[in-house]
Amino acid sequence: MTDLSADIGLSSRRRIGSAVYQNGVLTKAGLSERLFALLFSGLVYPQIWEDPDVDMEAMALGEGHRVVTIASGGCNMLAYLTRTPARIDVVDLNAAHVALSRLKLAAFRTLPSPADLLRFFGEPGNRSNTEAYDRFIAPALDARSRRYWERRDLLGRRRIEAFGRNFYHSGLLGFFIAAGHRVARLHGVDPAGIMEAGSLREQRRFFEDRLKPLFDKPFVRWATSRKASLFGLGIPPAQYDALITSGNGTMAEVLCARLEKLACHFPLKNNYFAWQAFARRYPHEGEAILPAYLRRENFPTIRANAGRAVVHHANLIELLATKPAGSVDRFVLLDAQDWMSDAQLNALWSEITRAAAAGARVIFRTAAQPTLLPGRVSQGLLDQWDYDFVRSREFSARDRSAIYGGFHLYVKKSA
């Protein structure tokens, strides 16, 4: 299939706006949506914040499956390649995420060894990464992605040079985490202190004594009550409204509960999401578990399968419309549906249902705990799917990123 990005003339901002705008430009809500679209048109997620181990188990992902997934930071598509699917179509509205996903695939195709790959994406502050890009990766990149990474910022630095510092400090998410650390330090707390914990009990004690009290601070409660304060998490206004329903009426309480899960529910040695949130980096080899795509043992398989993933700069519904009926086995929607109107949800599930093979699986996450489909997607569409409530709750509890209220698994019924 032809890569759709070659045929798209609209900017990322316009494409994101078409997904986000639900109110008039002169309304307060409309202005908030447009500010989010402006910010979201650049790099948001240096790494993805959905747990790929949970994804792959929920999908029962295996050899020969045909997958459609949203890109985000591009990490999970690489993890999926360890299961040798037949094809992965990776789609995103955000040109920066498209460029990052293509960069990762090109790196697997061209970098000489697993150590080079780990140095490029897993270790901060190695200036040889820029040289590795110029020598190995750039010649294998498409022209649009090269233009993105070689464009210069206000300081005259090429974007790719962020990999010579700490790439995970960049993007809206990197800025948000950094801001959270600054606020904590202003109140006398260093979040990185939790990394000294040697057990779940010590992690719990640090959270209860040091982190949890921060959410009672007047500034924190005031700041988190503003929708724009969470744009750095990639949370649009509509998703903010859904997220706040999962708490007791204040966003500070919701965020505190999500941070509690991240800090306390999983041993630090098993949770690289916690390392990024608290230590601002991935662990070194042997220090704790790494993302699947950075583990040496997975390098040969991902390298061999890199050509099975194709990245598209397109709307998900637009991509699915090009797929023949019954041609997709697995769908990964991340949290994109939280952004959508009822009309958009019905258009999406119409295409999913048409393109889905018998027994196909759809997974997605939501800001609030319940699935958002009943009452919003037509019953005629939903009747063609089984919702696995019990396993959805189990997978949600095991999601190490801890930032979502719900994980959901739908399975296509047999004809």
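Data block above holds the structure.
Model, not experiment: these values are computed from the prediction.

Parameters at a glance
Residues numbered from 1 in each chain as written. Predicted model: local features only at pLDDT ≥ 70, side-chain atom pairs only at ≥ 80, totals over all residues. Heavy atoms only, no water. Helix = DSSP H or I, 4+ residues; strand = E, 2+ residues; numbered from the N terminus. Buried < 20%, exposed > 50% of the residue type's maximum accessible area, 1.4 Å probe, protein only. Contact = heavy atoms within 4.5 Å. Axes fitted to C-alpha atoms, helices over the stretch in contact; angles between N-to-C directions. Parallel < 35°, antiparallel > 145°, perpendicular 65-115°, else oblique. Nonpolar A, V, L, I, M, F, W, Y, C, P; charged D, E, K, R; others polar. Pairing = 2+ DSSP bridges. Right-handed = clockwise from strand over helix to strand, strands pointing away. Phe/Tyr/Trp six-rings, centres within 6.5 Å; stacked < 30°, edge-to-face > 60°. Lys NZ or Arg CZ within 6 Å of the ring centre and 35° of its normal. Expected span 1.5 Å × (residues − 1). Salt bridge = Lys/Arg side-chain N within 4 Å of Asp/Glu carboxyl O.

Helix and strand counts for the chain stand at 19 helices and seven strands. Looking at the chain residue by residue over its 415 residues, the buried ones come to 55%. For the chain, contacts bridging at least 24 residues in sequence account for 73% of all contacts bridging at least 6.

What follows deals with the packing of helix H5 (residues 95-110) against helix H8 (residues 143-150). Between H5 and H8, the least distance of the axes is 9 Å, while the angle of their chain directions is 105°. Here H5 lies roughly perpendicular to H8, going by the angle between them. For the pair H5 and H8, contact is made by Ala96, Ala99, Leu100, Arg102 and Leu103 and by Ser145, Tyr148 and Trp149, respectively. Across the contact of H5 with H8, the residue classes break down as six nonpolar, one polar and one charged.

Turning next to the environment of Gly406. With respect to the helices and strands, Gly406 occurs in strand E7 (residues 406-412). For Gly406 and Phe395, which are 11 residues apart along the polypeptide, the C-alpha to C-alpha distance reads 8.7 Å. Once you skip the residues sitting within four places of it in the chain, Gly406 turns out to touch Phe364, Arg365, Thr366, Ala368, Gln369 and Ser396.

This next bit is on the pairing of strand E5 (residues 356-366). Within E5, nine of the 11 residues are buried, leaving the element largely enclosed by the surrounding structure. Inspection of the sheet shows strand E4 (residues 328-332) paired to E5 by four bridges, in the parallel sense. Residue pairing across strands places Phe331 opposite Val362, the latter belonging to E5. At this point the chain moves from E4, through helix H17 (residues 342-355), to the parallel E5, and the crossover so formed is right-handed. Here E5 runs beside E7; their pairing, made up of six bridges, is antiparallel. Across the sheet, residue Thr366 finds its bridge partner in E7, namely Gly406.

Right, let's talk about the sheet that holds strand E6 (residues 385-387) for a bit. In spatial order, the strands read E3-E2-E1-E4-E5-E7-E6; together these seven strands make up an open sheet with mixed pairing. The sheet terminates laterally at strand E3 (309-313) and E6, the two strands that pair on one side only. Pairs of neighbouring strands in the sheet enclose a mean axial angle of 15°, with direction left out of account. This element, H5, spans strand E2 (87-92) and E3 of the sheet and lies at about 160° to E3.

Moving on: the packing of aromatic side chains. Enumeration over the complete set of coordinates arrives at 21 aromatic pairs. Plain terms: the ring middles of Trp349 and Trp385 are 5.3 Å apart, the flat faces sit at 90° to each other, and that makes the pair edge-to-face. Here the residue Trp349 occupies a position in helix H17, and Trp385 occupies one in strand E6, the gap between them amounting to 36 residues. Like Trp385, Trp349 is buried. Through a chain of ring-to-ring contacts, the aromatic side chains of Trp49, Phe120, Phe121, Tyr148, Trp149, Phe163, Phe167, Tyr168, Tyr272, Phe273, Tyr282 and Tyr293 assemble into a single cluster. Lying over the aromatic face of Tyr148, Arg159 brings its terminal NZ or CZ to 4.1 Å of the ring centre.

On to unusual backbone geometry. Negative phi values dominate among residues other than glycine, just as trans dominates among peptide bonds. Phi at Ser72 is positive, roughly 50°, even though this residue is not glycine. Along the chain, Ser72 turns up in the loop between strand E1 (66-70) and helix H4 (75-81). Classification of Ser72 as buried rests on a relative accessible area of 6%. For Ala402, which is not glycine, the phi dihedral falls at a positive 70°. Checked against the element boundaries, Ala402 lands in the loop between helix H19 (389-398) and E7.

Right, let's get into the environment of Ser350. Structurally, Ser350 can be placed in helix H17. On the basis of relative accessible area, Ser350 is assigned to the partly exposed category, the value being 37%. For the pair Ser350 and Leu381, spaced 31 residues apart in sequence, the C-alpha separation works out to 6.9 Å.

Every α-helix winds through 3.6 residues per turn, so residues three or four apart in the chain are directed the same way. Between its first and last C-alpha atoms H17 spans 20 Å; for 14 residues at 1.5 Å apiece the expected length is 20 Å, and the two agree. Buried within H17 are the following residues: Leu345, Leu348, Trp349, Glu351, Ile352, Thr353 and Ala355. Next to the buried residues of H17 lie helix H16 (316-321), E4, E5, helix H18 (379-382), E6 and E7.

Here we come to the pattern of salt bridges. Considering all chains together, one arrives at 24 salt bridges under this definition. Among the ionic pairs, Asp134 bridges to Arg158, the shortest N-O distance being 3.0 Å. Taken together, the residues Asp134 in helix H7 (residues 128-137) and Arg158 in the loop between H8 and helix H9 (171-186) connect sequence positions 24 residues apart. For Glu150, the salt bridge goes to Arg146, with nearest N and O atoms at 3.0 Å. Of this pair, Glu150 and Arg146 are both found in helix H8, four residues apart, which corresponds to roughly one turn of the helix. With a relative accessible area of 31%, Arg146 lands in the partly exposed category. Shared partners join several salt bridges into a network, and the residues in it are Arg204, Glu208, Lys212 and Glu260.

Of all seven residues in E7, six are buried, a share of seventy percent or more. Across three bridges, the pairing between E6 and E7 is antiparallel. Within the sheet, the bridge partner assigned to Asp386 lies in E7 and is Val411.

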